[in-house]
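Residue-level structural notes
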2 protein chains.
Amino acid sequence: MTTQQLITQIHKKKSFLCIGLDVDLNKIPHHLLELEDPIFEFNKAIIDATHHLCVAYKPNTAFYEAYGIKGWQSLEKTIHYLNQNHPEIFTIADAKRGDIGNTSTMYAKAFFEDLAFDSVTVAPYMGKDSVEPFLAFKEKHTILLALTSNAGAFDFQTKALDGKELYKLVLETSKNYKNSENLMYVVGATKAEYFADIRKIVPNSFLLVPGVGAQGGNLQEVCKYGMSDHVGLLINSSRGIIYASNETNFADAAAHKAKELQHQMEVILKR
Amino acid sequence: MTTQQLITQIHKKKSFLCIGLDVDLNKIPHHLLELEDPIFEFNKAIIDATHHLCVAYKPNTAFYEAYGIKGWQSLEKTIHYLNQNHPEIFTIADAKRGDIGNTSTMYAKAFFEDLAFDSVTVAPYMGKDSVEPFLAFKEKHTILLALTSNAGAFDFQTKALDGKELYKLVLETSKNYKNSENLMYVVGATKAEYFADIRKIVPNSFLLVPGVGAQGGNLQEVCKYGMSDHVGLLINSSRGIIYASNETNFADAAAHKAKELQHQMEVILKR
């Protein structure tokens, strides 16, 4: 999917919502556990109920790997279901991968070709030759970790590096990578005040923003400082939507929560 | 496996060699491709021929994920084969994972419990709460990326951060993480001169050292500056050993290359 197609979807659906499919068997409705593939059935019901309210889905691969081969099968079925039934949806493999040259190419193939995701999250620590193999794939997007929303972000990301915070150096350095037009960035919503500085470095890039909702980030604040001329934001919510209820009505409850966020986004987009 | 058990194995085998099982279907002997699971058959043959010469095996998960569910099955079979037949071998899932809190716990479970690896490589970018969930597992080891052996290491890792290079800050900061006795570090062999500085910060920790052989690192130099009182080094070689030949004699050729390295290590250990 091209960035322009994503922007078109945002305006069509009046939404820049991304729904995180972080499925934990301990948290999903009990009645699903009797089915052959509870994780896929859960995802399918959530997708069917919410696809008109969001522009992206983001499965975090850890939740699938934790169930071994069965989990991997659930992930495959989920992405195939999305690509077959909702090809207009932007898909994100939240895998936070990163390795050297030919190994990064192996990861890129796994997520972009075999699983046919539109994008994958990548950790920047190993630098240029760990990121560029992902960027080489046309109409695929590499979402680089910049400033994450967890407490540990202050261990290294916000430390000053040659006079500049590490996350800012990541933004600036990566702009010079080959095919950097395929870059997006993860920026946590718990630090809305940072968005103004970030927009000075990457005025147009899409930012994937976790931490609205469960982690306490504020949608209004993030949009005030973080929105670009072409929206440039994907706001992710996982637990706040998919675990709105763990009764048989869970999909309707999720849609209700997604609708609330979509409505707030519609108001913001009208301004 | 405890660190002491690993040290005992090193002295018993007179080797601190780790063999990287980075299996690429394009590089393995042609006759294996006719078998049902070529990747596992390749690994099994390599393990059978080399297990007495090394103390650790390190599959890089990217090479397995690239083949989807079939690849994941090959990885499962490989680790089960190792744990059943060679429980004295230290096993490393080279996965370079890293995510927030409960998500890191999911990854840790996947590698430490389901697959029963002794250790996993983890990226430090997200800080404390992305690393500590791995450290909570008893007799399991978290191998944190410090200074990698690729060109991109100079993008961020060697940049001065509040007057100190990022990789040194990673070493120092992580020493204060809970259960930090379960930490080891990845330090690339292409920069032997850095080992002296690193040993000032982590005098006793085990260092996993890729880049000897194919990437040009020198074993003598690394040992001179990097060896601790209890060895403290695992030297990894992947391509140089496993692709020594792609004929039917590939396993013997691999054993021959492993023996060369083991012999050099035996001489160094005698000093």
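Higher on the page you've got the structure.
Heads up: these notes are all about the structure in this document. (Residues numbered from 1 in each chain as written. Chains lettered and ligands numbered in written order. Predicted model: local features only at pLDDT ≥ 70, side-chain atom pairs only at ≥ 80, totals over all residues. Heavy atoms only, no water.)

**Examining unusual backbone geometry**
All names here are of chain B. So the rule is basically this: Numbered from the N terminus, helices here are DSSP runs of H or I no shorter than four residues, and strands are runs of E no shorter than two. Note on exposure labels: buried denotes an accessible area under 20% of the residue type's maximum, exposed denotes more than 50%, and partly exposed covers the range between, all computed with a 1.4 Å probe on protein chains only.
Phi at A116 takes a positive value of approximately 60°, unusual for a residue other than glycine. Relative to the helices and strands, A116 resides in the loop between α5 (101-114) and β4 (119-122). Given the relative accessible area of 27%, A116 is considered partly exposed. Positive phi outside glycine occurs at E139, with the angle close to 55°. Mapped onto the secondary structure, E139 falls in the loop between α6 (128-135) and β5 (141-147). Residue E139 is classed as partly exposed on the basis of its relative accessible area of 42%.

**Focus: the environment of A:D24**
The condition is simple: Side-chain atoms alone can form a polar contact between residues adjacent in sequence; in general such a contact is a pair of N or O atoms within 3.5 Å, and within protein one must be able to donate a hydrogen while the other accepts it.
Secondary-structure assignment places A:D24 in the loop between β1 (17-20) and α2 (38-50). A polar side-chain atom of A:D24 sits 2.9 Å from the main-chain amide nitrogen of A:N26.

**Structural notes on the environment of B:A66**
To keep things clear, this is the line we draw: The contact definition used throughout considers only heavy atoms, calling two residues in contact when any of these lie within 4.5 Å.
Structurally, B:A66 can be placed in the loop between α3 (62-65) and α4 (68-85). Residue classification places B:A66 among the buried positions, given a relative accessible area of 10%. Considered as a pair, B:A66 and B:L208 are 142 residues apart in the sequence and their alpha carbons are 24 Å apart. Sequence-distant contacts of B:A66, that is, excluding residues within four places in its chain, are made with A:M106, A:A110 and A:D114.

**Regarding helix α1 (residues 3-13) of chain A**
Residues and elements named next belong to chain A. So the rule is basically this: By construction, the arc corresponds to the directions joining the helix axis to the C-beta atoms.
All buried positions along α1 are accounted for by L6, I7, Q9, I10 and K13. Along the long axis of α1, the arc covered by the buried residues comes to 160°, so they all point the same way. Turned more than 90 degrees away from the buried face of α1, the exposed residues are Q4 and K12. Downstream of α1 by one or two residues, K14 has phi in the positive range, about 50°.

**Here we look at the layout of surface pockets**
Formally: The method works on a 1 Å grid over the protein atoms by themselves. A cavity is a set of points holding a 1.4 Å probe that cannot get out, a pocket is an open set with protein on both sides within 12 Å along at least five of seven lines, and residues with an atom within 4 Å of a point line them. Grid points are joined across faces, edges and corners, and a volume is the space filled by probe spheres set on the points. When residue character is reported, Ala, Val, Leu, Ile, Met, Phe, Trp, Tyr, Cys and Pro are called nonpolar, Asp, Glu, Lys and Arg charged, and the others, Gly included, polar.
Here the largest pocket defines a volume of roughly 590 Å³. Taken together, 35 residues make up the lining of the largest pocket; nearest its centre are A:N102, A:T103, B:D22, B:N60 and B:F63. For the lining of the largest pocket, the elements supplying multiple residues, two or more each, are α5 (101-114) of chain A together with β3 (90-97), β10 (233-237) and α11 (239-242) of chain B. Considering each element in turn, the lining of the largest pocket owes the most residues, 5 residues, to α5(A). A breakdown of the residues in the lining of the largest pocket according to their chemical character gives 13 nonpolar, 12 polar and 10 charged.

**Comments concerning the interface of chain B and chain A**
Definition in use: When two parts are brought into contact, each loses some accessible area as probed by a 1.4 Å sphere; the total of that loss over both is the buried area. Between Lys or Arg on one side and Asp or Glu on the other, a salt bridge is scored when a side-chain nitrogen of the former is within 4 Å of a carboxyl oxygen of the latter.
Between chain B and chain A, the contact holds 54 residues from the first and 54 residues from the second. Across the chain B/chain A interface, buried area totals approximately 4800 Å², and carbon plus sulfur atoms make up 62% of it. The tally of links from chain B across to chain A stands at 4 salt bridges. The partner of A:E65 in a salt bridge is B:R97, with the nearest N and O atoms 3.0 Å apart. Summed over the shared surface of chain B and chain A, the number is 28 residue pairs in polar contact (both at pLDDT 80 or more). At 7 residues, the largest contribution of residues to the side of chain B that touches chain A is made by α5(B). Among the residues forming the side of chain B that touches chain A, the class breakdown is 27 nonpolar, 15 polar and 12 charged.

**Here we look at the environment of B:L145**
Take B:L145: it is sitting in strand β5. Between the C-alpha atom of B:L145 and that of B:G188, which follows or precedes it by 43 residues, the distance is 9.5 Å. Each residue touching B:L145, except ones within four places of it in the same chain, is listed here: A:Y125, A:M126, B:K96, B:V122, B:A123, B:P124, B:V170 and B:V186.

**Details of the side chain of A:S174**
Residue and element names in this part refer to chain A. Mapped onto the elements of the fold, S174 is located in helix α8 (residues 166-174). Note on S174: relative accessible area 0%, which makes it buried. Only 3.1 Å separates the side chain of S174 from the backbone oxygen of L171, close enough to count as a polar contact. In this structure, S174 is in contact with L144, L169, S180, L183 and Y185, ignoring residues within four places of it in sequence.

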